[in-house]
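Results of the structural survey
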Amino acid sequence: MSEAISERIVLAARPQGAPRVTDVRLERLPLSAIGDGEILLQTRYLSLDPYMRGRMDDRKSYSPPTPVGGVMEGEIIARVVQSRHPGFAVGENVAGRLGWLTHTISDGTGLTKLDGRFEPITTALGVLGMPGLTAYAGLLEIGKPQPGETVVVAAATGPVGSLVGQIARIKGARAVGIAGGPDKCAYALDTLGFDAVIDHRSPTFADDLAAACPNGIDVYFELVGGAVWQAVLPLLNEFARVPLCGLIAEYNAPSAAAADRLPATMRAVLSRSLTLRGFIVREFWGQRPTFLDEVRAWIDEGRVRFREDNVHGLANAPAAFIGMLEGKNFGKLIVAVDDAER
Ligand SMILES: NC(=O)c1ccc[n+]([C@@H]2O[C@H](COP(=O)([O-])OP(=O)(O)OC[C@H]3O[C@@H](n4cnc5c(N)ncnc54)[C@H](OP(=O)(O)O)[C@@H]3O)[C@@H](O)[C@H]2O)c1
């Protein structure tokens, strides 16, 4: 067996504020031959997700930080290219959280085999993967949208926000999306079917949002924080539900800036009996089979649409990741790592 080379992107330095491409570096590492019970995996696709920004900081969180020098964390779809494991055959496709790398050796721990439901296969990283389950479970378990209610979500063209809006409509609610720029707003309105879409980059954003929500907001699926949260807060109705899922506007900010806004938020939570409930998707991992059945059926019926934004080559992952934090992605951001996928 010839020796395989693994290219991998490691954390070179902890970012100060917004990450820079020099905060990571590409390394090449020879892999030893696989042993009994092991497989050699070749990465086909790497998912880039906002949570990875948190792993770059040395802060207490729900998961430990990536060590400096460690491989950047991330979920991949990989092909088994060699196997001495009875449970995995050459040619099978698997998904797992193996990081930003081209090849790796695994004993199969934590890998999920991908069957024909994942069509195209990249859906395993987006609408039928972790982001999709986040939208599905967070909205249905915490947001609990009722027919006629108003559901608001930002990052409305991304994998989480787009599915939140579409499920809200399936459940009979009115979906108001927030997105950055005219192209994303047009897509959310015309293709995803949001009832109204507001551009958060507009100088009249807060007024536009108020006008689009004449009956207030019953469910606000929080993905961004920052100025969007400031505009949403006055519009929340009594007993509104706020699944608190992400705060991407704050990810590059020093924590003191976020703390300044806390007292006003807490007053509103108290005086309007709001339910603000944080969650991490792994809490709902048990719902994966139902989620897969239901969302797959909605896709097949044309009731759910999704969009992917493809970047080619592992070396281009850092710039794409940094761009996502600034809203430069348009749809689920996926890196085609294997030359054959380009
Ligand atoms: N709790 C969990 O378990 C969990 C799981 C998955 C994801 N999440 C969170 O869900 C959120 C969305 O994730 P995703 O994968 O669907 O990302 P995404 O939508 O593909 O990408 C992030 C988007 O956020 C928007 N954005 C960035 N900065 C913003 C700002 N200052 N104000 C308003 N919008 C801003 C941009 O869209 P626009 O150009 O439209 O503004 C950007 O494209 C993230 O906060 C993520 O951390 C949480």
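Here goes a summary of the coordinates provided. If you're wondering where the values come from, they're calculated on a predicted model, not measured in any experiment. (Residues numbered from 1 in each chain as written. Predicted model: local features only at pLDDT ≥ 70, side-chain atom pairs only at ≥ 80, totals over all residues. Heavy atoms only, no water.)

**Topic: the sheet that holds strand β13 (residues 275-278)**
Rules: One requirement defines pairing of two strands: DSSP has to find at least two bridges between them. In DSSP terms, a helix is any run of H or I states spanning at least four residues, a strand is any run of E spanning at least two, and both are numbered starting from the N terminus. Axis angles are defined between N-to-C directions and span 0 to 180 degrees, where every axis is a line fitted to C-alpha atoms and, for a helix, only to the segment in contact. Here a residue-residue contact requires only that any non-hydrogen atoms of the pair lie within 4.5 Å.
Taken together, the six strands give an open sheet; going across it, the order is β10-β9-β8-β11-β12-β13, and neighbouring strands pair in parallel fashion. Two strands bound the open sheet, and with one partner strand each, they are β10 (196-199) and β13. Along the sheet, successive strands turn relative to each other by an average axial angle of 15 degrees, direction set aside. The sheet contact formed by strand β8 (residues 150-153) and strand β11 (residues 217-221) spans three bridges and is parallel. Within β11, the residue paired with Val153 across the bridge is Phe221. Relative to the sheet, helix α2 (residues 130-143) contacts β8, β11, β12 (236-244) and β13, its axis offset from that of β11 by approximately 145 degrees. Sheet strands touched by helix α4 (residues 182-190): β9 (174-179) and β10. Its angle to β10, the strand with the most contacts, is close to 170 degrees.

**Observations regarding the pattern of salt bridges**
Defined as follows: Here, a salt bridge means any side-chain nitrogen of Lys or Arg that lies within 4 Å of a carboxyl oxygen of Asp or Glu. Throughout this description, buried means an accessible area under 20% of the type-specific maximum (1.4 Å probe, protein chains only), exposed means over 50%, and partly exposed covers the range between.
Under the criterion given, the structure shown has 19 salt bridges. Close ionic contact of Arg59 with Asp57 constitutes a salt bridge, the shortest N to O distance being 3.8 Å. Accessibility expressed as a relative area gives 11% for Asp57, which makes it buried. Through salt bridges with shared partners, a single network forms among Arg53, Asp57 and Arg59.

**Structural notes on unusual backbone geometry**
Geometrically, the link from Glu119 to Pro120 is a cis peptide bond, its omega value of -5 degrees lying close to zero. Within the fold, Pro120 resides in the loop between β7 (112-113) and α2. Its identity is not glycine, yet Lys144 carries a phi of approximately 45 degrees, on the positive side. If you trace the backbone, Lys144 turns up in the loop between α2 and β8. Even without glycine at this site, Phe239 takes up a positive phi of about 65 degrees. Mapping Phe239 onto the fold places it in strand β12.

**Things to note about helix α5 (residues 205-212)**
Rules: The directions considered for the arc run from the helix axis to the C-beta atoms.
Along α5, the positions that sit buried rather than exposed are Phe205, Leu209 and Ala212. Taken down its axis, α5 places every buried residue within 65 degrees of arc, on the same side. Away from its buried face by more than 90 degrees, α5 exposes Asp207 and Ala211. Looking at the buried positions of α5, the neighbouring elements they touch are β8, β9, β10 and α6 (226-232).

**Overview of the pairing of strand β14 (residues 308-312)**
Put simply, the test is: We call a crossover right-handed when, viewed with the strands running away from us, the connection from the first strand over the helix to the second turns clockwise.
Burial along β14 is one-sided: the face carrying Asp309 and Val311 is buried and the face carrying Glu308, Asn310 and His312 is not. Both β14 and strand β15 (residues 332-336) contribute to a ladder of five bridges, which runs parallel. Its bridge partner lying in β15, Asn310 is registered against Ile334. Considered for its hand, the β-α-β crossover made up of β14, helix α10 (residues 317-325) and β15 is right-handed.

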